[in-house]
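What follows is each chain in one-letter form.
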Amino acid sequence: MKTSIDRSGSAVITLPSEKEIRIERKFDAPAELVFDVWTTAKHVRNWWGYPEHEMTDCSIDLHVGGSYRFAAQVPDFGEVAFTGVYKEIERPDRLVATEIYEAFPEKEAVNTLTLDEEEGVTTMIIVSAYPDKQTRDAVIESGMERGLQVSLDRAEKIMAELLEDGEETS
């Protein structure tokens, strides 16, 4: 039996260019399962955002040209919602989609997610490309790293539970 490593809060965030954010995180799960937890509404609604924020929409139409929308009600703030369109899907290795924070719909990003599995450990890399440096910097300054770490830790917990239950894909 493979020993799990505590990877809580282990996502590494770098800025590879003036318009990009790069996120890297390892999961003790096969790429197929990571992909499923990332792209299946029944799982996303249990890891996206903070647990104390009520998720009000989790819609995923996973095909090229299909869209998604994730929204949560944040106390003392209101709704926080993101939407986008899937541009490329190469299951379970690659997913490219646009991302729009609905409060600033003119600032579309393109997120490229890659998954590389080696000996049961999957490395997820997400590169988010923004229209300009100011938008990228605003995302960084928004506190996205804290929320991202929480969400990825919650996703990892779901993967561990699914593996424990003998489920490897949805």
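Reading the values: the criteria
- Residues numbered from 1 in each chain as written.
- Predicted model: local features only at pLDDT ≥ 70, side-chain atom pairs only at ≥ 80, totals over all residues.
- Heavy atoms only, no water.
- Helix = DSSP H or I, 4+ residues; strand = E, 2+ residues; numbered from the N terminus.
- Salt bridge = Lys/Arg side-chain N within 4 Å of Asp/Glu carboxyl O.
- Buried < 20%, exposed > 50% of the residue type's maximum accessible area, 1.4 Å probe, protein only.
- Core = buried A, V, L, I, M, F, W, Y, C linked by side-chain atoms within 4.5 Å.
- Contact = heavy atoms within 4.5 Å.

Explain unusual backbone geometry to me, using residue names and the numbers behind them.
Following Arg91, the chain continues to Pro92 via a peptide bond in cis, the omega torsion being -5 degrees. One can find Pro92 in the loop between strand 5 (78-90) and strand 6 (94-101). A positive phi is found at Asp76, a non-glycine position, where the angle reads about 65 degrees. Take Asp76: it is sitting in the loop between strand 4 (67-74) and strand 5.

Give me the pattern of salt bridges: which residues, what numbers.
One pass over the structure, following the stated rule, counts 14 salt bridges. For Arg69, the salt bridge is made with Glu79, and the minimal N-O distance between the two is 3.1 Å. With Arg69 in strand 4 and Glu79 in strand 5, the pair connects residues that are 10 residues apart, well separated along the chain. For Glu79, a relative accessible area of 40% translates into the label partly exposed. With its nearest N and O atoms 3.1 Å apart, the salt bridge here joins Asp132 to Lys107. One end of the pair, Asp132, is in the loop between strand 8 (121-129) and helix 3 (133-141); the other, Lys107, is in the loop between strand 6 and strand 7 (109-118), and 25 residues separate them in sequence. Take Asp132: its relative accessible area is 18%, and that puts it in the buried class.

Lay out the nonpolar core in plain terms, naming residues and giving numbers.
Membership of the largest hydrophobic core comes to 35 residues, with the highest contact counts inside it found for Ile23, Val37, Trp38, Trp47, Met124, Leu152 and Met159. Per-element tally for this core: the top contributor is helix 4 (residues 144-164), with seven residues. Filtering out sequence-adjacent residues up to four positions away, Trp38 remains in contact with Val44, Trp47, Leu95, Leu113, Met124, Ile126 and Leu152.

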